[in-house]
Amino acid sequence: MIKFLQFIMIRAVMSIVTLLIVSFIVFSMMELVPGNCAERYIAFKNTQGQNITIEDIQAEERRLGLDKPYLIRAFTWMGNVFFQGKFGDSCILRLNINHLLSDKIWLSLGMSIGALLLSYLLAVPIGIYSAVSRNPIANNTVRFISYLGLALPSFLFALMIMLFTTVYFGESMSGLFSKEYRDAAWSYAKFMDFLSRAWLPILILGWAATAFALQTVRALMLDEIDKLYVTAARARGIFGRNLLWRYPARHSLGPVINSIGFDLNRIFSELPVVALIMTLTEMGSLLIDALAFSNDQQLAGAILVILTATIVLINFITDIILALMDPRVRQGLLG
Amino acid sequence: MGFFFNKNKKSDQQLKEAYFTASQVELIRSRFKSNKTAMVAGWILTILILMGFFSEFLSPYQPTMAGRDKKYENGPPQIPKFWDENGFSFRPFIYGTKRERSIKTNFRWVVTVDREDRRYLRFFVDGWEYSYIDLEWDLPGEFFDVDVQALTFSTHLFGVDKGGIHLFGTDKSGKDIYSRTLLAIFTSLKCGVLGVFIAFVLALIIGGISGYYGGWLDSFLQMVTDAIRTVPQVPLFMALAAFLPQEWSAEAVFFVIATILGFIGWPTLARRIRTHVLSERSQDYILAAQLCGASSGHIIRRHLLPSFTSYIIIDLMITFPYMVRLETALSFIGLGLIDPVSSLGSLMQNVSKADVLLNYQWYFIPVLFFITFILAVVFVGDGLRDAADPNMIKKK
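Residues numbered from 1 in each chain as written. Chains lettered and ligands numbered in written order. Predicted model: local features only at pLDDT ≥ 70, side-chain atom pairs only at ≥ 80, totals over all residues.

Turning to the overall build of chain B, a few remarks are in order. Per the secondary structure count, chain B includes 13 helices and 4 strands. Scored against the burial criterion, the 396 residues of chain B give a buried share of 34%. Sequence separation of 24 or more characterises 71% of the internal contacts of chain B that already satisfy a separation of 6 or more. (Helix = DSSP H or I, 4+ residues; strand = E, 2+ residues; numbered from the N terminus. Buried ≥ 20, exposed ≤ 12 C-beta atoms within 10 Å, placed from the backbone. Contact = placed C-beta atoms within 7 Å.)

Along its length, chain A carries 15 helices and 2 strands. Within chain A, buried positions represent 34% of all 335 residues. A separation threshold of at least 6 residues defines the contact pool for chain A, and within that pool the share at least 24 residues apart is 72%.

What follows covers the pairing of strand β2 (residues 87–100) of chain B. In terms of strand pairing, strand β1 (residues 81–84) of chain B meets β2(B) through 3 bridges, oriented antiparallel. Bridge pairing in β2(B) places B:D84 opposite B:G87. (Pairing = 2+ DSSP bridges.)

This brings us to the environment of A:Y229. Residues and elements named next belong to chain A. Here Y229 shows up in helix α9 (residues 228–235). By C-beta crowding, Y229 is classed as exposed, having 11 other C-beta atoms within 10 Å. Separated by 19 residues in sequence, Y229 and P248 place their C-alpha atoms 8.7 Å apart.

Below, the discussion takes up the interface of chain B and chain A. Where interface size is given, it is often the accessible area lost as the parts come together that is meant. Contact with chain B, which involves 32 residues of that partner, is made by 37 residues of chain A. Those elements that place two or more of their residues in the side of chain B that touches chain A are α6 (215–230), α7 (233–241), α10 (296–332), α12 (354–359) and α13 (365–388) of chain B. Take the side of chain B that touches chain A: its biggest share by element is 7 residues, from α7(B). Of the residues belonging to the side of chain B that touches chain A, the class tally is 27 nonpolar, 3 polar and 2 charged. (Nonpolar A, V, L, I, M, F, W, Y, C, P; charged D, E, K, R; others polar.)

Residues and elements named next belong to chain B. The N-to-C vectors of α10 and α13 enclose an angle of 160 degrees; their axes lie 9 Å apart at closest approach. As far as their axial angle goes, α13 and α10 are roughly antiparallel. Between α10 and α13 lies a crossing of left-handed hand. Mapping the contact onto sequence places S310, Y311, I314, M317, I318, F320, P321, V324, R325 and T328 in α10 and F370, I374, V377, V378, V380, G381, L384, R385 and A388 in α13. Considering only residue class, the contact of α10 with α13 consists of 14 nonpolar, 3 polar and 2 charged. (Axes fitted to C-alpha atoms, helices over the stretch in contact; angles between N-to-C directions. Parallel < 35°, antiparallel > 145°, perpendicular 65-115°, else oblique. Left-handed = near helix turned anticlockwise from the far one by under 90°.)

Another aspect to go through is the confidence of the model for chain B. Residues and elements named next belong to chain B. On average, residues of chain B carry a pLDDT of 77, and 86% of them reach 70 or more. Of the regions scoring below 50 in pLDDT, residues 1–7 engages in 0 contacts with residues more than four places distant in sequence or in other chains. Two numbers describe this predicted complex: its pTM, 0.79, and its ipTM, 0.77. (pLDDT = per-residue confidence, 0-100.)

Another point: the nonpolar core. Formed by 138 residues in total, the largest nonpolar core has its most connected members in A:F155, A:V274, A:I277, A:L304 and B:F237. The biggest single contributor to this core is helix α5 (residues 177–213) of chain B, with 15 residues. (Core = buried A, V, L, I, M, F, W, Y, C linked by C-beta atoms within 7 Å.)

So, about the environment of B:L183. With respect to the helices and strands, the residue B:L183 is situated in helix α5. Accessibility expressed as a C-beta count within 10 Å gives 22 for B:L183, which makes it buried.

All names here are of chain B. α10 packs onto helix α8 (residues 250–281) with a crossing angle of 150 degrees between their chain directions and a minimal axis gap of 10 Å. If you check the angle between α8 and α10, you find them roughly antiparallel. Here α8 and α10 pass one another in a crossing that is right-handed. Mapping the contact onto sequence places I257, L261, G265, L269, R272, I273, H276, V277 and E280 in α8 and L304, S307, F308, Y311, I312, D315, T319, M323, L326 and E327 in α10.

In this section: the environment of B:S307. Residues and elements named next belong to chain B. Considering the arrangement of structural elements, one finds S307 in helix α10. Judged by C-beta crowding, with 17 C-beta atoms within 10 Å, S307 ranks as partly exposed. Between the C-alpha atoms of S307 and I165, which are 142 residues apart in sequence, the distance is 52 Å.

Take a look at the structure:
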């Protein structure tokens, strides 16, 4: 048990180090964007008709702490993010970032994790089936779909669906809520309304991940299925689903769980593009806005850190699940 | 009969000998050739690349604004015909078009096809000039400015006497979609190749150092590599693309985009290279070289690198479609190469309206080329990977 706690501790420290490195890189990137917050604030005042001088900018820089050395600012920012979860203010929108993001983050994360679940629910059974069955049609279809997942990127897939629904059903599937629920508080009715509209973006987000997971599951199953222990089990009279789930599937599950983090990464990559096409107002399109159209470094940095933190967290959890699932590791750790 | 049998046996023996003495590259090549899908994909890819390389020769009009056809905007594709109700012709022809706008057409431009007006296709016509070597660098100082144009031609594969011929139709400003698609394939190809190359150089240095020296340096580099790998690619790309000033020229944007692609893509490659180096490092022949007093640089260059060159090339081939996809996705949302520049992403940006699906379906032709292109690269990459993996022979 102590060994197990030790293992968890080591994993946790490693995750935190990863996050620290990432947030340092993100902070450095934010600094590289030309212009700082003080200039932005002052420039805003300038548009209000005030005359500004160099001294004004310097005073503002002092007030915001921008005159301090680079490393000190980096560590202050990282400290605020880690220990208090505060991302500060966005100097373009002049709003608190935590306040701005709170709702949107949960929506985006919920949709991404929904997409992840969907892709694994589809990929695991289909992948196993296609590996086991000698049916060439099923096999080739699965291969084709997984290649198409790469060649038909989700932005194209989303676009096709959007175009077809608008043209042939006259109804646009864009947006996450219908009008009457947009500003309403969360309730069962609002949740159902959300689900009735969110399934399409979730499906599209999961599309590429499904194709990849399908390929992984199939390849792993193909590797395991011809091994001797499976033949031995078959010789003992175990067959059908029983055989599959108890022997080869269990072995190939490890690497599949390992790949969850990367699939989430992939889904996050699709998020902004799909969000833009489907005009969803959650985190993805906020990111596009923050970066491309207004150079809002603070907001962009916050979003990047949150996305990465989610992936690191998922990796941490899957590492522990993996350790618990593998009997060799489990016995080594739990004694 | 016996004679033939003997001969067969002998050639069998020879085959065996050839198999055992063949180099790694020859083995991979022969295995690749036996994979039909990959071979077909390889041919398609070669054709696409050649089409891209000779895009100026193959396209009758300039793919930029300069080559636009003012009288044929949003025009449907014109497919050359050999015969119609007015008889047969050996020389393929298209019809002339007229454009009019009046109260009858609700004041919109309407293009009508005149089936009596035949315009015959001509081959190897003279058109706009293009050069294969075209360097125009505006470096500081008069003396250093480079302005070289060489291999200039003006011959094009086909064209028509009067009016224009647009195989894939035209877009809303009258640019020829066929010419743009050909150029776009090449642009995306160049962008991907440059991105993969930059990623490769970074990965080789970082992964090589990490694998060869090991120890704390390895742990540290692996940590950084892993950290970068966890950041989602597209958001990271968007953050980096935000540095691009709007007023930069198309070439500058192109190079920056390719560079960012490289900077994002290196971690996965670096990991693979580290694994290769790590497993080769402890081999006897490396030890022998070390005992002979060879320097680290010499061992890396002469012994380690050749031992896995073929695998690295295949890794690059597998990474390549991801690079192209990333560039396309970014251009598609308007953060990469934008409209007057022809890249597959910027061409696909045009299809993002419902209007297009209803009225201008030919805008989708570049999408088909994109899918074909990516699929061809993926199949070739997979074929190469299977060919390089000796364990694959047993399976299937």
